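Observations on the three-dimensional arrangement
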Amino acid sequence: MRLVSLRFVAPLLALSACAKGCEGPSPELPPAVTDAGPPRADDPNRLPVERALDLQLADRRGGTNFAAIQMLPYRRLPAFELDKNFVVRLDEHALRALEREVRDERLDNDDAILTALRMAAQDYRERAGLEPNRLVLAVDARVPADLTARVRRLALKAAQWRVVALARDGDQLVELSLTPPIDRRPADAPAVPTPTAP
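Here the residue index of a chain counts from 1 through its sequence in written order. With pLDDT at 70 or above as the cut-off, local features in this predicted model cover only qualifying residues; side-chain atom pairs require 80 or more to be listed or tallied, and sums for whole chains, interfaces and linings still use all residues. Calculation of side-chain values draws on the structure's entire complement of heavy atoms; hydrogens and water are dropped beforehand.

**Re the overall build of the chain**
The number of helices and strands found in the chain is 4 helices and 7 strands. What you see in the chain, going N to C, is helices and strands ordered as α-α-β-β-β-β-α-β-α-β-β. Exposure categories follow from relative accessible area, calculated using a 1.4 Å probe and restricted to protein chains: below 20% of the type maximum is buried, above 50% is exposed, and the middle band is partly exposed. The 198 residues of the chain split such that 34% are buried. Residues count as neighbours in contact if any of their non-hydrogen atoms are within 4.5 Å of one another. At a minimum sequence separation of 6, the contacts of the chain that also span at least 24 residues come to 62%. In these tables, accessible area is a Shrake-Rupley quantity obtained with a 1.4 Å probe, and a residue counts as shielded only by the protein chains included in the view. As displayed, the chain has an accessible area near 13400 Å², and 56% of this comes from carbon and sulfur atoms. Helix and strand assignments follow DSSP, with helices taken as H or I runs no shorter than four residues and strands as E runs no shorter than two, numbered in order from the N terminus.

So, in structure tokens, the structure goes:
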């Protein structure tokens, strides 16, 4: 009977002795994998607008979601108030303007985007009591250039307003002008009055 119990006890003793320190190299854990994705909302490098909209803006010096982004006219925005602007947020999955949203496969539908922009402009008009004279695109840096170009074209078509986009210039917020110069506007665009001499 003693022999039988020793057969079962001996391996247990060996295991418990090894738990306190066995000779030989200890097993190594694989290195932790870190995801080098975009900064999180609480990242101190994010601009306040990026945190508020939960996106990462393109940098005007090297962004890829606007064609020739480095050549677009821009101006610095030392302060920007989201609630005082008609802002349209665009990421890879959705376009959102106020409470109007176009998601996923509907982003391929120009009419759905145009309708959302026009209805959101009407919502803005009712709330603010004035006509929005510019549309501000806040586009996530990961949005493909072809989608950004299409949304820009539709925004210009939706109403008679200036279309601008938010971007970074290093650690500064800037506004890019997306409205083409007068000589490149469509022929059916309304004429801009020219000042006359008194």
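The discussion continues.
**Quick word on the sheet that holds strand E2 (residues 87-90)**
Only strands that DSSP links by at least two bridges are regarded as paired with each other. Spatially, E1-E7-E6-E5-E2-E3-E4 is the arrangement adopted by the 7 strands of the open sheet, whose pairing is mixed. This sheet does not close on itself; its edge strands, each paired only once, are strand E1 (74-76) and strand E4 (100-103). Strand-to-strand twist across the sheet, computed as the mean angle between neighbouring axes with direction ignored, equals 25°. The pairing of E2 with strand E3 (residues 94-97) spans 3 bridges and is antiparallel. Across the sheet, the residue bridging to Val88 is Ala97, located in E3. Here an axis means a line fitted to C-alpha atoms, over the contact stretch when the element is a helix, while the angle between two N-to-C directions is reported on a 0 to 180 degree scale. Across the sheet, helix H3 (residues 110-128) is in contact with E2, E3, E4 and strand E5 (134-139); its angle to E4 comes to roughly 165°.

**A look at the nonpolar core**
When a protein is soluble and globular, its nonpolar side chains tend to lie buried together. Residues grouped as a nonpolar core are buried Ala, Val, Leu, Ile, Met, Phe, Trp, Tyr and Cys residues, joined through side-chain atoms within 4.5 Å. Core analysis: the biggest nonpolar cluster contains 35 residues, and Phe86, Leu135 and Leu137 have the highest contact counts within it. Looking at this core, the elements with two or more residues in it are E2, E3, H3, E5, helix H4 (145-158), strand E6 (162-169) and strand E7 (172-177). Ranked by residues supplied to this core, first place goes to H3 with 8 residues. If we skip the residues at most four places from it in the chain, Leu135 touches Phe86, Val88, Leu117, Ala155, Trp161, Arg162, Val163 and Val164.

**Quick word on the confidence of the model for the chain**
Per residue, pLDDT measures the predictor's confidence, with a range of 0 to 100. Averaged over every residue, the pLDDT of the chain is 80; residues scoring 70 or more account for 70%. Within the chain, helix H1 (residues 2-19) has the poorest average pLDDT of any element, 47, and E2 the best, 98. In this model, residues 1-6 is a region of pLDDT below 50 whose contacts with residues beyond four sequence positions or in other chains number 1 contact. Here residues 8-22 is modelled with pLDDT under 50, and outside its nearest four sequence neighbours on either side it reaches 1 contact, counting other chains as well.

**Section: the pairing of E5**
Within E5, 6 of the 6 residues are buried, leaving the element largely enclosed by the surrounding structure. Judged by which residues are buried, E5 turns out to be covered on both faces: Arg134, Val136 and Ala138 on one side and Leu135, Leu137 and Val139 on the other are all buried. Where E2 meets E5, 4 bridges bridge the pair, whose relative direction is parallel. Paired with Val87 across the two strands is Val136, which belongs to E5.

**A look at the packing of aromatic side chains**
By convention, a stacked pair of Phe, Tyr or Trp rings (six-membered ring in the case of Trp) has centres within 6.5 Å and planes under 30 degrees apart, an edge-to-face pair has planes over 60 apart, and any other such pair is tilted. Under the definition given, this model contains 2 aromatic pairs. Note on Phe86 and Trp161: the rings are 5.5 Å apart at their centroids and 40° apart in plane angle, and the pair reads as tilted. With Phe86 in the loop between E1 and E2 and Trp161 in the loop between H4 and E6, the pair connects residues that are 75 residues apart, well separated along the chain. For the pair Phe86 and Trp161, one class covers both residues: buried. Put simply, the rings of Phe86, Tyr124 and Trp161 touch in pairs and so form one group of aromatic residues.

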